[in-house]
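Secondary and tertiary structure notes
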Amino acid sequence: MFRYSRSGRFATKAVIASLVLAFSTVSTAWLSVVHDAFADAKATRSLTVKLKPKAAKQDGARWRVDSGAWQKGGQTVDNLDTGDREVSFKDTPGWKTPKNKTVTIDANKETSASGKYKPANSLTIMLPGGVPLEFVWIPAGSFMMGRYANEQESSSDEDPQHQVTFANGFWMGKYEVTQAQWTAVMGSNPSHFTGDLSLPVEQVSWDSVQGFMTAVSALGQGTVHLPTEAQWEYACRAGTTTRFYWGDDLSFTEIANYAWRSQNSSSMSHPVGQKLPNAWGLYDISGNVWEWCEDWYHSNYTGAPTDGSAWVSPPGSDRVKCG
């Protein structure tokens, strides 16, 4: 019960769900001095820096000595000047950067150091008028996209279940985009349900969302785009394999704690963040109102991308909406 091609009870609305920071997360610069695997094992005036954890390295964590080229964790730089050198670490989306450290290069031995990144679970973009737009970090990884065999109340357009792998993590909107956020950027509120600006924005087309994203990106704090369908489902599942992120809930006994739906919403949208979040800190990703994705709708997953990218070729007649 993750995928839908048409609007439901509430009008479709925009979730600005992915954020790519303005700087590149992966350096393409070659090492100024590359460690030669066949060199003397006792090379001197060298520095090797290990980075932890593995997930941070996958997301683009790097180090450098003084102002040299960025290096991957475990790489070695040789032929350094002796004396004190400064090791710095690259800012990496989703991670808190280790503090710079001073190492002493000795003419008669190899020098080693380490840097430990810590998860940075949140990021905030400030919109005009001081309105915050919050994101949480979704880690890299793999998942099985689509319905499992005999899943209750699923549909054939969720077949075949297939593995999708994200080589890098990404930022995802913590909440559905609110009327306050939309109005701050676009100057008007198109929503049917009004009276509280913390309600999710609705009555917005996929095309109108493009204008919102362009305007937010123009603020210079990062580039935003709609999630791909794979990003949406991966983020919604948050590491689970059940039909909902809180479990299979075959008798719908738990759903009211996590999602607004026709049975508990009085056929109205509700302010964001009132229900329990999933394991990755996302609120209302199930329920409340529908959420646009980047992809064209397809009648099944045969031929769908397996790297988490949007399925945009060939073009179709309807975009994917989830939630």
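Right above here is the structure, for reference.
Read on for a plain summary of the structure. (Residues numbered from 1 in each chain as written. Predicted model: local features only at pLDDT ≥ 70, side-chain atom pairs only at ≥ 80, totals over all residues. Heavy atoms only, no water.)

1. Observations regarding the overall build of the protein chain
- Scanning the protein chain for helices and strands turns up 4 helices and 18 strands.
- Residue burial in the protein chain is summarised as follows: out of 323 residues, 46% are buried.
- Considering only intrachain contacts with a sequence separation of at least 6, the fraction spanning at least 24 residues in the protein chain is 68%.
- A total accessible area of about 15100 Å² is found for the protein chain, and carbon and sulfur atoms account for 51% of it. (Helix = DSSP H or I, 4+ residues; strand = E, 2+ residues; numbered from the N terminus. Buried < 20%, exposed > 50% of the residue type's maximum accessible area, 1.4 Å probe, protein only. Contact = heavy atoms within 4.5 Å. Areas by Shrake-Rupley, 256 points an atom, 1.4 Å probe, with all protein chains shown as cover.)

2. Remarks on the packing of helix α2 (residues 179-186) against helix α3 (residues 206-217)
- Where α2 contacts α3, the axes come no closer than 10 Å and their chain directions differ by 75 degrees. For the element pair α2 / α3, the angle class is roughly perpendicular. Only Ser-208, Val-209, Gly-211, Phe-212, Ala-215 and Val-216 of α3 make contact with α2, whose side of the interface consists of Gln-181, Trp-182, Val-185 and Met-186.
- Here the residues of the contact of α2 with α3 sort into 7 nonpolar, 3 polar and no charged. (Axes fitted to C-alpha atoms, helices over the stretch in contact; angles between N-to-C directions. Parallel < 35°, antiparallel > 145°, perpendicular 65-115°, else oblique. Nonpolar A, V, L, I, M, F, W, Y, C, P; charged D, E, K, R; others polar.)

3. A word on α2
- Along α2, the residues that are buried comprise Gln-179, Gln-181, Trp-182 and Val-185. Each buried residue of α2 lies within a common arc of 160 degrees when the element is viewed along its axis, so the set occupies one face.
- A positive backbone phi angle near 85 degrees is found at Gly-187, which sits one or two residues after α2. (Arc of directions from axis to C-beta.)

4. Here we look at unusual backbone geometry
- The omega torsion of the bond from Lys-52 to Pro-53 falls at -10 degrees, within 30 degrees of zero and hence cis.
- Within the element layout of this structure, Pro-53 appears in the loop between β3 (46-52) and α1 (54-58).
- For the bond from Asp-159 to Pro-160, the omega torsion is -10 degrees, close enough to zero to count as cis.
- With respect to the secondary-structure elements, Pro-160 resides in the loop between β13 (141-145) and β14 (162-166).
- Phi at Asn-79 is positive, roughly 60 degrees, even though this residue is not glycine.
- Unlike most non-glycine residues, Phe-252 shows phi in positive territory, near 55 degrees.
- With respect to the helices, strands and loops of the structure, Phe-252 is situated in the loop between α4 (229-237) and β17 (291-296).

5. Quick notes on the sheet that holds strand β6 (residues 83-89)
- In space, the 3 strands of this open sheet follow the order β4-β6-β8, with antiparallel pairing throughout. Single-partner strands in this sheet number two, and they are β4 (63-65) and β8 (101-105). Averaged over neighbouring strand pairs, the angle between their axes works out to 30 degrees when direction is ignored.
- Where β6 and β8 come together, 5 bridges link them in antiparallel fashion. (Pairing = 2+ DSSP bridges.)

6. Some remarks on the sheet that holds strand β5 (residues 76-77)
- The strand order across the open sheet formed by 3 strands is β5-β3-β9, and the pairing between neighbours is mixed. Edge positions in the sheet fall to β5 and β9 (110-116), since each has one partner strand and no second.
- Where β3 meets β9, 7 bridges bridge the pair, whose relative direction is parallel. Within β9, the position partnered with Thr-48 by the bridge is Ser-112.

7. Focus: empty space enclosed by the protein
- Taken as a whole and assessed by the stated rule, the structure comprises 2 cavities of 30 Å³ or more.
- The volume enclosed by the largest cavity comes to roughly 70 Å³.
- Lining the largest cavity are Met-145, His-162, Glu-229, Ala-230, Asp-295, Tyr-301, Ala-304, Pro-305, Ser-309 and Trp-311. (1 Å grid on protein atoms, 1.4 Å probe; cavity = no way out; pocket = protein on both sides within 12 Å on 5 of 7 lines; lining within 4 Å. Points joined across faces, edges and corners; volume = space filled by probe spheres on them.)

8. A few points about the pairing of β3
- In the sheet, β3 pairs with β5 via 2 bridges, with the strands oriented antiparallel. Within β5, the residue paired with Thr-48 across the bridge is Thr-76.

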